[in-house]
Amino acid sequence: MSDTITIGEYTITALRDGDSHLPASAYPGANFFEHPDTLDASGTHRIRIGAHLVQGPAGTLLIDAGAGELSMPFPAELAELNGLTDPPSHMAEAGSLPAALAAAGVSPDDISKVLVTHLHLDHVGWIMHDGKPFFPNAEVHYGAADWAPLVEGAPDGDPTRPLMESAAAAGILRTFAPGTAEILPGITVAHVPGHTPGHVTIEIESQGQRILFVGDLIELPAQLNDRGIHFMTDHDRDQAAAARAALFARAKADGIVIAAAHLTNPTFGIITADDTWADASNS
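Calculation notes
- Throughout this document, residue positions are counted from 1 along each chain, in the order its sequence is written.
- This being a predicted model, a pLDDT of at least 70 is required before a residue's local features are given, and a value of 80 or more before pairs of side-chain atoms are given or counted; all residues contribute to the totals for chains, interfaces and linings.
- Side-chain measures here rest on the full set of heavy atoms in the structure, leaving out hydrogens and waters.
- To sort residues, take the accessible area from a 1.4 Å probe on protein chains only and compare it with the maximum for the residue type: under 20% means buried, over 50% means exposed, and anything in between is partly exposed.
- The helix and strand labels rest on DSSP assignments: H or I over at least four residues marks a helix, E over at least two residues marks a strand, and numbering proceeds from the N terminus.
- Strands are treated as partners if at least two bridges between them are detected by DSSP.
- When we speak of the arc, we mean the arc of directions from the helix axis to the C-beta atoms.
- Every residue pair with non-hydrogen atoms within 4.5 Å of one another is taken to be in contact.

1. Structural notes on the pairing of strand S6 (residues 90–94)
Each regular strand carries side chains that alternate between the two faces of the sheet.
Step number 1: For S6, the tally of buried residues reaches four of five residues, placing the bulk of the element in the interior.
Step number 2: As paired elements, strand S2 (residues 10–23) and S6 share three bridges and run antiparallel to each other. Bridged to Ser20 within S6 is Ala92.
Step number 3: Relative to S6, strand S5 (residues 70–73) is paired through four bridges, and the arrangement is antiparallel. The residue of S6 that forms the bridge with Pro73 is His90.

Dropping the structure here:
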């Protein structure tokens, strides 16, 4: 599976900032006996933490911004809850986004906009670094409804609040318009709450091809056929499930490529006529 895909005049690259190891309890409703290859030998599901680099007529953009420099040990209570006898040492480790950008031939200075699907830490971590905007020439756009619950309402010790407050003080933050709006030629943002109140999807159309960046609306490939699988941090499970079903139906009918924030199987997927995933980078 390729980490790069061409959509019309755009080149899109999935960048890795790090990885997270999530136990079965992170996916309420999932029956992992039916999906035995999803969990590894440690009993966890490994996902990518990162961002999508978009290069094309609208400029050089970033969709989401990784987790920043992060090292989160695997919680002992979570290992006990899931019956893990040999859990990974860390639940999440990140910090590789600058190197991934450099490998793609891009400097932080080249990024003109960061389009954030939602304000969870693993999507905004590199917006600021050492108290300064990491992408010095970029505006950062996000869904306004996320600010109150995820920034103002962040629990003590959550790094999201000071990070976003420092970004606000730096004057780099912008909010998406409510509903659905074209923010750049061929690039449309839609407010799709469920995972978070302000969660958005971002669609690019070029030369008759389309790709839809769905953030955390899809967390497991198995959600395509099992609508009862949710995610532990979903704000409103029913709302997220309904939005996911509508997205799947439209993507299948219109042949839209799907890029989810954390999936690598496939990284860029299309839905076939018999409701299976196919690797869009090979199509």
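2. A closer look at unusual backbone geometry
Step number 1: Residue Pro266 is bonded to the preceding Asn265 through a cis peptide linkage, with omega at 0 degrees.
Step number 2: Its identity is not glycine, yet Asp64 carries a phi of approximately 70 degrees, on the positive side.
Step number 3: Backbone geometry places Asp275, a non-glycine residue, at a positive phi of 60 degrees.
Step number 4: Along the polypeptide, Asp275 turns up in the loop between strand S17 (269–271) and strand S18 (277–279).

3. Re the pairing of S2
Step number 1: Of all 14 residues in S2, 12 are buried; the element is thus mostly enclosed.
Step number 2: Here strand S1 (residues 4–7) runs beside S2; their pairing, made up of four bridges, is antiparallel. The residue of S2 that forms the bridge with Thr4 is Thr13.
Step number 3: Counted between consecutive antiparallel strands, the loop separating S1 from S2 contains two residues, among which Gly8 sits at a positive phi close to 55 degrees.
Step number 4: As judged from the 12 bridges shared by S2 and strand S3 (residues 44–56), these two strands associate in the antiparallel manner. Bridged to Ile12 within S3 is Val54.

4. Some thoughts on helix H5 (residues 160–169)
Step number 1: If you check which residues of H5 are buried, you get Thr160, Leu163, Met164 and Ala167. Each buried residue of H5 lies within a common arc of 90 degrees when the element is viewed along its axis, so the set occupies one face.
Step number 2: The inward-facing, buried residues of H5 abut helix H3 (121–124), strand S8 (128–129), helix H4 (147–152) and strand S11 (173–175).

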